Amino acid sequence: MKVTGPSGPSSSQGARPAKPAGGFSVPSAGGAASTGAAAAAAGVSGVAGVSALMALQGVEDATERRRRAIRRGGGLLDRLDELKLALLGGEAGEGALERLGRSLGEERPIDADPALNSLLAQIDLRAAVELAKADLRRTAA
């Protein structure tokens, strides 16, 4: 058996049955059964390979989780800074509030470091407070 690429395994030239000179032929019952079984086995192994790759991509190590948590916290701080600049400029900051709400709605990865988790919780709290204050300003107006 020879593997020729992403299409899966194929039998080598020597193992193929001889074709009649007419061009079209109906395969024998025994040949069709073995070909069908080989095709089914190749299809299952291809699916298993893809499933294994998907599972490996879904596994997230501690370093990647920490990196995502820090990136999310930094993004929230950037959105809070945008809101601060908008409010100091005399604007309502609706766009900044919308971006802040979307960033806050993202899932926060939990890290093994309790100090980092505490800091990220404080950033989340500050963002939630700003959103609540903006909501109060909207309802009062």
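Please read these numbers as outputs of a predicted model, since none were measured by experiment.

## Comments concerning the overall build of the chain
Phase 1: Along its length, the chain carries 4 helices and 2 strands.
Phase 2: Order of helices (α) and strands (β) in the chain, N terminus to C terminus: β-β-α-α-α-α.
Phase 3: When burial is assessed residue by residue, the chain has 18% of its 141 residues classed as buried.
Phase 4: Within the chain, contacts between residues separated by at least 24 positions form 62% of all contacts whose residues are at least 6 apart in sequence.
Phase 5: In the structure as shown, the chain presents an accessible area of about 10,100 Å², 62% of it carried by carbon and sulfur atoms.

## Quick notes on the nonpolar core
Phase 1: Within the largest apolar cluster, 12 residues are counted, these being A69, L76, L80, L83, A96, L97, L100, L116, L120, I123, A127 and A134.
Phase 2: Of all the elements, helix α4 (residues 114–140) adds the most residues to this core, at 5 residues.
Phase 3: Excluding residues within four positions of it along the chain, A127 makes contact with L76, L80, L100 and L104.

## Observations regarding the side chain of E130
Phase 1: Note on placement: E130 falls in helix α4.
Phase 2: The exposure class of E130 is buried, given its relative accessible area of 11%.
Phase 3: Sequence-distant contacts of E130, that is, excluding residues within four places in its chain, are made with L80, L83, L97 and L100.

## Quick notes on the packing of helix α2 (residues 62–88) against helix α3 (residues 94–105)
Phase 1: Two elements in contact, α2 and α3, have axes separated by 9 Å at closest approach and are oriented at 160°. Considered as vectors, α2 and α3 are oriented roughly antiparallel to each other. Viewed along their axes, α2 and α3 form a crossing whose handedness is left-handed. The segment α2 lies against α3, with R72, L76, R79, L80, E82 and L83 engaging A96, L97, R99, L100, S103 and L104.

## As for the pattern of salt bridges
Phase 1: Counting across every chain of the model gives 14 salt bridges.
Phase 2: A salt bridge links K84 to D81; the nearest nitrogen and oxygen atoms lie 3.1 Å apart. Of the two residues, K84 and D81 are both situated in helix α2; the distance of 3 residues between them amounts to about one turn of the helix.
Phase 3: Using a relative accessible area of 44% as the deciding quantity, one classes K84 as partly exposed.
Phase 4: By relative accessible area, D81 is classed as partly exposed at 36%.
Phase 5: Residues joined by salt bridges that share partners form a network here, namely E64, R67 and R71.

## Describing the environment of L83
Phase 1: Relative to the helices and strands, L83 resides in helix α2.
Phase 2: Accessibility expressed as a relative area gives 1% for L83, which makes it buried.
Phase 3: Expressed as a C-alpha distance, the spacing of L83 and L100, which sit 17 residues apart in the sequence, is 8.3 Å.
Phase 4: Setting aside residues up to four positions removed in sequence, L83 forms contacts with G93, A96, L97, L100 and E130.

Rules used in this analysis
- Residues numbered from 1 in each chain as written.
- Predicted model: local features only at pLDDT ≥ 70, side-chain atom pairs only at ≥ 80, totals over all residues.
- Heavy atoms only, no water.
- Helix = DSSP H or I, 4+ residues; strand = E, 2+ residues; numbered from the N terminus.
- Buried < 20%, exposed > 50% of the residue type's maximum accessible area, 1.4 Å probe, protein only.
- Contact = heavy atoms within 4.5 Å.
- Areas by Shrake-Rupley, 256 points an atom, 1.4 Å probe, with all protein chains shown as cover.
- Core = buried A, V, L, I, M, F, W, Y, C linked by side-chain atoms within 4.5 Å.
- Axes fitted to C-alpha atoms, helices over the stretch in contact; angles between N-to-C directions.
- Parallel < 35°, antiparallel > 145°, perpendicular 65-115°, else oblique.
- Left-handed = near helix turned anticlockwise from the far one by under 90°.
- Salt bridge = Lys/Arg side-chain N within 4 Å of Asp/Glu carboxyl O.

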